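# Structural characterization, general
What follows is each chain in one-letter form.
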Amino acid sequence: MPIDLQNASFETERLVVRSCRIQDAPALQALMTPTISKWVATWPTPLTIAKTTEILRDCLQSANAGQSFAAVVEQKSTATPIGWLKLDISVTDQSRADLGYWIGEDHQRRGYALEMSQGAMTFVFDRLRLHRIRAGAQVANTASIAVLQKLGMTEEFVQDVWAPARQRSEACTFWEMENPS
């Protein structure tokens, strides 16, 4: 039986990563600062509630179609939203999920991105039963690239990616890992 990606979740030691809801719009809007937005393709700044709601509606529609798991990242101890995670199941290679994430500025440098990404890998390999995970980062995003390296991913290629948040193409490096089991 396939996983209901509109109502999925996983936990790590300090985090709960759960399917997004429209009601999450204000918390996500508050977390999206220019410092975060400059590294992510689809989250513009300034970010309005209307645009945040639009992003969430699109994500929920994709989850309903079984094409993505779009999730709010919360601190387990407080249920406070601190970030975002999205796993898109590749349309061209249905054995692969593409990982995207961001952690709010006030919650960075605490290991949350690595912890969340490790949990995402377990979710992809064990629950979704996919064979590969891929993630991209702008070539200048050294913090995100360090996370991908710590995960044990391998750099595969560099490619220009359209960033609708900034209406331009940006060079991104892509990293992959196959299911180790």
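What counts, and where the lines are drawn
Residues numbered from 1 in each chain as written. Predicted model: local features only at pLDDT ≥ 70, side-chain atom pairs only at ≥ 80, totals over all residues. Heavy atoms only, no water. Buried < 20%, exposed > 50% of the residue type's maximum accessible area, 1.4 Å probe, protein only. Helix = DSSP H or I, 4+ residues; strand = E, 2+ residues; numbered from the N terminus. Pairing = 2+ DSSP bridges. Salt bridge = Lys/Arg side-chain N within 4 Å of Asp/Glu carboxyl O. Phe/Tyr/Trp six-rings, centres within 6.5 Å; stacked < 30°, edge-to-face > 60°. Axes fitted to C-alpha atoms, helices over the stretch in contact; angles between N-to-C directions. Contact = heavy atoms within 4.5 Å. Core = buried A, V, L, I, M, F, W, Y, C linked by side-chain atoms within 4.5 Å.

## Details of the pairing of strand S2 (residues 15-19)
- With five of five residues buried, S2 lies mostly within the body of the structure.
- Taken together, strand S1 (residues 9-11) and the strand that follows it, S2, pair antiparallel across an intervening segment of three residues.

## Some thoughts on the pattern of salt bridges
- If you walk through the whole model with that rule in mind, you get 12 salt bridges.
- Across the pair Asp-93 and Arg-132 runs a salt bridge whose closest N-O atoms are separated by 2.0 Å. Residue Asp-93 is located in the loop between strand S4 (81-89) and strand S5 (96-103), and its partner Arg-132 is located in strand S6 (residues 132-138); the two are separated by 39 residues in the primary sequence. Just as Asp-93 is buried, Arg-132 falls in that class too.

## Brief notes about the packing of aromatic side chains
- Going through the model one piece at a time under the given rule, you end up with six aromatic pairs.
- Taking 5.0 Å as the distance between ring centres and 65° as the angle between the ring planes, the aromatic pair formed by Trp-43 and Trp-84 counts as edge-to-face. Separated by 41 residues along the polypeptide, Trp-43 in the loop between helix H2 (34-37) and helix H3 (49-64) and Trp-84 in strand S4 bring together distant segments of the chain.
- Judged by its relative accessible area of 3%, Trp-43 falls in the buried class.
- Relative to Trp-102, the ring of Trp-43 has its centre 5.3 Å away and its plane inclined at 75°; by these criteria the two rings are edge-to-face. Residue Trp-43 is located in the loop between H2 and H3, and its partner Trp-102 is located in strand S5; the two are separated by 59 residues in the primary sequence.

## So, the sheet that holds strand S3 (residues 68-75)
- Taken in spatial order, the eight strands make up an open sheet running S1-S2-S3-S4-S5-S6-S8-S7, and their pairing is mixed. Strand pairing shows two members of the sheet lacking a second neighbour, S1 and strand S7 (154-163), which therefore form its edges. Across the sheet, the mean angle separating the axes of adjacent strands is 25° when strand polarity is ignored.
- The pairing of S3 with S4 spans seven bridges and is classified as antiparallel. When the bridges of S4 are listed, Glu-74 appears paired with Pro-81.
- Packed onto the sheet, H3 meets S3 and S4 and runs at close to 125° relative to S3.
- Of the strands in this sheet, S5, S6 and strand S8 (168-178) are in contact with helix H5 (residues 142-150), which crosses S6 at around 155°.

## Thoughts on the nonpolar core
- The biggest cluster of nonpolar side chains holds 37 residues, and the ones touching the most others in it are Phe-69, Leu-85, Leu-87, Ile-133 and Met-153.
- Residue assignment for this core shows that the elements contributing at least two residues are S2, S3, S4, S5, helix H4 (112-127), S6, H5 and S8.
- In terms of residue count, H4 provides more of this core than any other element does, eight residues in total.
- Ignoring sequence-local partners within four residues, the contact set of Ile-133 consists of Leu-87, Arg-96, Ala-97, Leu-99, Met-121, Val-124, Phe-125, Met-153, Trp-175, Glu-176 and Met-177.
- Val-40, Trp-43, Cys-59 and Leu-60 belong to the second-largest nonpolar core, a separate cluster that totals 17 residues.

## So, unusual backbone geometry
- With omega at 0°, the peptide bond leading from Thr-45 into Pro-46 counts as cis.
- For Pro-46, the location among the structural elements is in the loop between H2 and H3.
- With a phi close to 60°, Ala-79 is a non-glycine residue in the positive phi region.
- Within the secondary structure, Ala-79 is located in the loop between S3 and S4.
- The phi dihedral of Gln-167 falls on the positive side, at around 55°, and the residue is not glycine.
- Residue position: Gln-167 is located in the loop between S7 and S8.
- Judged by its relative accessible area of 55%, Gln-167 is exposed.

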